[in-house]
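Residue-level structural notes
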Amino acid sequence: MLTPYLVGLLVLVLLPALVTLGMAFTDYDLLRPPSWAGLDNFTALVDDPIFRVALLNSVVFALVAVPLRVLLALGLALLLHRRAPGVGTARTVALLPTAVPEIAYGLLWLWLFNPLYGPINQLLRVGGEHGLTALGRTPPQWLTDPTSARAGIILMSLFTVGETFVVLLAARRALPRDVYEMAAVEDATGWDVFRRITLPLMAPVLALLAVRDAVASLHFTFVPAFVVTDGGPPPYATTYLSLFVYQTGFEYLRYGYAAAATLVMMLLTLAAVLVQWRLIRRYRRFYQL
Amino acid sequence: MSGLVLDGVSAAYRDTTVLHEVRLTVSRGELLVVLGPSGAGKSTVLRVVAGLEPVTAGRVHIAGRDVTEARPGRRNVSMVFQSYALFPHLTVVENIAFGLEVRDTPRGEARQRARAAAETVGCAGLLDRRPGQLSGGERQRVALARALVREPDVFLLDEPLSNLDLALRAEMRAELRALHDRIGATMVHVTHDQTEALVLADRIAVLRDGRVEQVGTPDEIWRTPASTFVARFVGSPAMNLLPADGPLRPGGEAPTLPDEPLEIGFRPEAVILDAAEGTPATVDRVEVIGEDAYAYLTLSAGQPVVARVPAVRRPERGATVRLDVRWADTHLFHVASGRRCDP
């Protein structure tokens, strides 16, 4: 029963991972056979300004986007966990962007972000004159200005929180009802209930989701950066690690070098998983009810 | 001055009415036990008092205040839930102090009072543990301490002993009664356990299908049940009920019976077996519980009767016995309404 899964794991994950590990210590360009390079690729990475920018971009993205994404999903889950008219529709709407294929999602945003014709800037120009906003400022140039482009990619990621939202919705609905009734009898305010009950009880799930999101952010920055900004605007404003690896490997045919960068990415992931594991151990006692 | 008044309170869950014009008065310092089978609306009574469930008709007064429209936090009640509803992420002392801290009592004072409340119920040694590390009985005490700490007008206890094992339940029952006598608080205690009700209560309100069937002291409930329902619900095994003109004629001085269909009821302990003159019956089975034995009999006319006899004098299974009851030990009920008849 497990065989297809095991074959898939072996052929699609383990073998490529091993090949990548080996390739990271070689020079390989598809034309000539790989030649041993030792740690050259890694020392080159340390000195590579583009790699450093990509690493920084990825870390900054994770630091800004991940907390925002989890908070947004938490807000939606707390807003929509009760049964009420329209809640079902609202939940579907919250989930829908996550279900759009990534490339289509990227192309959609390319249109939304268009500085002249895009709906976002048209909305920002409402009430203003001569193509300015109501406050008399120039609307953002989104994909051509480095800061706006980074913000744009983060904005794009904020609408694909469907999975996180669903997990948090389930987690909130699993919390015991009488604990909240207890709080009502004790006249706890909404803020007290959130701060003293909901947040601590959901903390383990929130922490797990944040770590998971941080790992996944290494990957889900790829399509927007590839489709929408192509790593630009200069200087490499939205070149993230995933795009850096892709370009190094498949555009510049420096497979050994790309493999070394991939290895760095994997080490980052490993660190995140270790944090995750520690969190699970630490919070396990909460569930000894 | 009454601690709690329910004045014709009705409540509904979706389209089903679960309480029908319930009238109850609990005096200040009284312990009222609401007793009834599951689904009778016992918990709903508590939830209506706490404000967790809205009323569809009637008024709720607590300590002379009309709180019908007030939100739960404004009613000055405290509640012990069946599940205890302890916060798993807080320590015992934090759990007890919760109600004070969300009401902006300074932290130091809240902890001080939490400690005092914990001492009152005997869980002062657990203050730094979390609920996950406590036994059922210990959690029970913490939940009680949390209810005590705020000195509310009314304590609401929703089957607080039902999750404990038998020995612990008996122990906590006695402690709960002692606690009530010590602090003199107004308490409403919900249970389906008749023993608990008889032992704990100043007065018992028997609830059936959302209606109050009878309110009275444990003695009144036991000695003068107002209906066949109360008669059979309180007492184990249940009271025997037979047609008054039926196969069994009680001995002794008969009262003058009104001319309408009646039932006579008598408890298993009122049955006299091996009477010289009595109604013949066969023994179907005998249950021995220590010193007592319960004989399950069938009268020759087919009605079942249970009798309690000393275990040493129990009849054999399959034997024929003659049984008798005294009029003084019987209760009369109208067949049509099921209500008590006192001729």
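Each value, and the rule that gives it
- Residues numbered from 1 in each chain as written.
- Chains lettered and ligands numbered in written order.
- Predicted model: local features only at pLDDT ≥ 70, side-chain atom pairs only at ≥ 80, totals over all residues.
- Helix = DSSP H or I, 4+ residues; strand = E, 2+ residues; numbered from the N terminus.
- Buried ≥ 20, exposed ≤ 12 C-beta atoms within 10 Å, placed from the backbone.
- Contact = placed C-beta atoms within 7 Å.
- Pairing = 2+ DSSP bridges.
- Axes fitted to C-alpha atoms, helices over the stretch in contact; angles between N-to-C directions.
- UniProt positions renumbered as here; feature names shortened; annotations may be inferred.
- Domains from an automatic or database assignment.
- Nonpolar A, V, L, I, M, F, W, Y, C, P; charged D, E, K, R; others polar.
- Expected span 1.5 Å × (residues − 1).
- Bend = angle between axes of the 7 residues up to and from the residue.
- Arc of directions from axis to C-beta.
- pLDDT = per-residue confidence, 0-100.
- Parallel < 35°, antiparallel > 145°, perpendicular 65-115°, else oblique.
- Left-handed = near helix turned anticlockwise from the far one by under 90°.
- Core = buried A, V, L, I, M, F, W, Y, C linked by C-beta atoms within 7 Å.

**Side note on the overall build of chain B**
Helix and strand counts for chain B come out as eight helices and 18 strands. For chain B, with 343 residues in total, the buried portion stands at 42%. A sequence separation of at least 24 residues applies to 65% of the contacts in chain B between residues at least 6 apart.

**Notes on the sheet that holds strand β10 (residues 211-216) of chain B**
Residue and element names in this part refer to chain B. Strand order in the open sheet formed by six strands is β6-β7-β8-β3-β9-β10, and the pairing between neighbours is mixed. Two strands lie at the open edges of the sheet, namely β6 (77-80) and β10, each paired on one side alone. Averaged over all adjacent pairs, the angle separating strand axes in this sheet is 20°, with direction ignored. Here five bridges tie strand β9 (residues 203-208) to β10, and the two strands are oriented antiparallel to one another.

**Quick notes on the UniProt feature "domain: ABC transmembrane type-1" (unreviewed entry) in chain A**
Look at the UniProt record and you will see "domain: ABC transmembrane type-1" (unreviewed entry) annotated at residues 55-276 of chain A. With 73% helix and 0% strand, residues 55-276 of chain A has end C-alpha atoms that lie 21 Å from one another.

**Remarks on the domain arrangement of chain B**
According to the domain assignment, chain B contains domain 1 (2-233) and domain 2 (240-334). A C-alpha centroid distance of 39 Å is found between domain 1 of chain B and domain 2 of chain B.

**Quick word on the interface of chain A and chain B**
If you look at the interface, chain A gives 18 residues, while chain B gives 20 residues. The biggest single contributor to the side of chain A that touches chain B is helix α9 (residues 177-185) of chain A, with six residues. Here the side of chain A that touches chain B is built from residues that sort into eleven nonpolar, one polar and six charged.

**Thoughts on the UniProt feature "transmembrane region" (unreviewed entry) in chain A**
With numbering aligned to this structure, UniProt lists the feature "transmembrane region" (unreviewed entry) at residues 50-80, 92-112, 151-171, 205-227 and 255-275 of chain A. Across residues 151-171 of chain A one finds 81% helix and 0% strand; the C-alpha atoms that close the span lie 30 Å apart.

**Focus on helix α10 (residues 190-220) of chain A**
Taking 1.5 Å per residue, 31 residues should reach 45 Å; α10 of chain A reaches only 35 Å between its end C-alpha atoms and comes up short. Its maximal kink placed at A203 of chain A, α10 of chain A deviates by approximately 55°, while the proline P204 of chain A follows within four residues.

**Concerning the sheet that holds strand β12 (residues 262-266) of chain B**
Residue and element names in this part refer to chain B. The sheet built from three strands is open, its strands ordered β11-β12-β18 with antiparallel pairing. Edge positions in the sheet fall to β11 (240-243) and β18 (331-334), since each of these pairs with one other strand and no more. Neighbour-to-neighbour, the strand axes of this sheet turn through a mean angle of 30°, independent of strand direction. Sheet topology note: the β12/β18 ladder contains four bridges and is antiparallel.

**Regarding helix α3 (residues 107-121) of chain B**
Residues and elements named next belong to chain B. For α3, with 15 residues, the first-to-last C-alpha span of 21 Å sits near the 21 Å given by 1.5 Å per residue. What α3 keeps buried is the set A110, A114, A117, A118 and V121. What you see down the axis of α3 is that its buried residues fit within an arc of 100°, all on one side. In α3, those exposed residues whose orientation departs by more than 90 degrees from the buried face are G108 and E109. If you follow the buried residues of α3, they end up packed against α2 (92-101), α4 (136-148) and α5 (166-183). Following α3 by one or two positions, G122 has its phi on the positive side, about 75°.

**Some details on unusual backbone geometry**
Residue and element names in this part refer to chain B. A cis amide bond links S236 with the next residue in sequence, P237, at an omega value of -5°. Within the fold, P237 resides in the loop between α8 (228-233) and β11. Phi at R14 is positive, roughly 50°, even though this residue is not glycine. According to the C-beta neighbour criterion, R14 is exposed, with 5 such atoms within 10 Å.

**Digging into the UniProt feature "domain: ABC transporter" (unreviewed entry) in chain B**
Mapped onto this structure's residue numbering, the UniProt feature "domain: ABC transporter" (unreviewed entry) falls at residues 4-234 of chain B. Strand forms 27% of residues 4-234 of chain B and helix 36%; the C-alpha atoms that close the span are 25 Å apart.

**Quick notes on the confidence of the model for chain B**
In the predicted model, chain B carries a mean pLDDT of 91, and the fraction of residues at 70 or more is 100%. Across the interface, the model reports ipTM at 0.84; the global pTM reads 0.81.

**Focus on the packing of helix α5 (residues 102-112) of chain A against helix α11 (residues 222-229) of chain A**
Residue and element names in this part refer to chain A. Between α5 and α11, whose axes approach to 9 Å, the crossing angle comes to 45°. Compared by their axis directions, α5 and α11 come out oblique. Considering how the two elements wind past one another, α5 and α11 form a crossing that is right-handed. Contact with α5, carried on its side by E102, I103, G106, L107, W109 and L110, involves V223, P224, V227 and V228 of α11 and no other residues of that element. The residue makeup of the contact of α5 with α11, split by class, is eight nonpolar, one polar and one charged.

**So, the nonpolar core**
Generally speaking, a soluble globular protein has its nonpolar side chains buried in company with each other. Counting 160 residues, the largest nonpolar core has A261 of chain A together with V49, I96, A145, L156 and V188 of chain B as the members making the most contacts within it. By residue number, the principal contributor to this core is helix α3 (residues 49-80) of chain A, which donates 13 residues. No fewer than three residues from each of domain 1 (2-233) and domain 2 (240-334) of chain B sit in this core. The residues contacting L156 of chain B, other than those within four sequence positions of it, are L46, V49, A50, V77, M79 and V188 of chain B.

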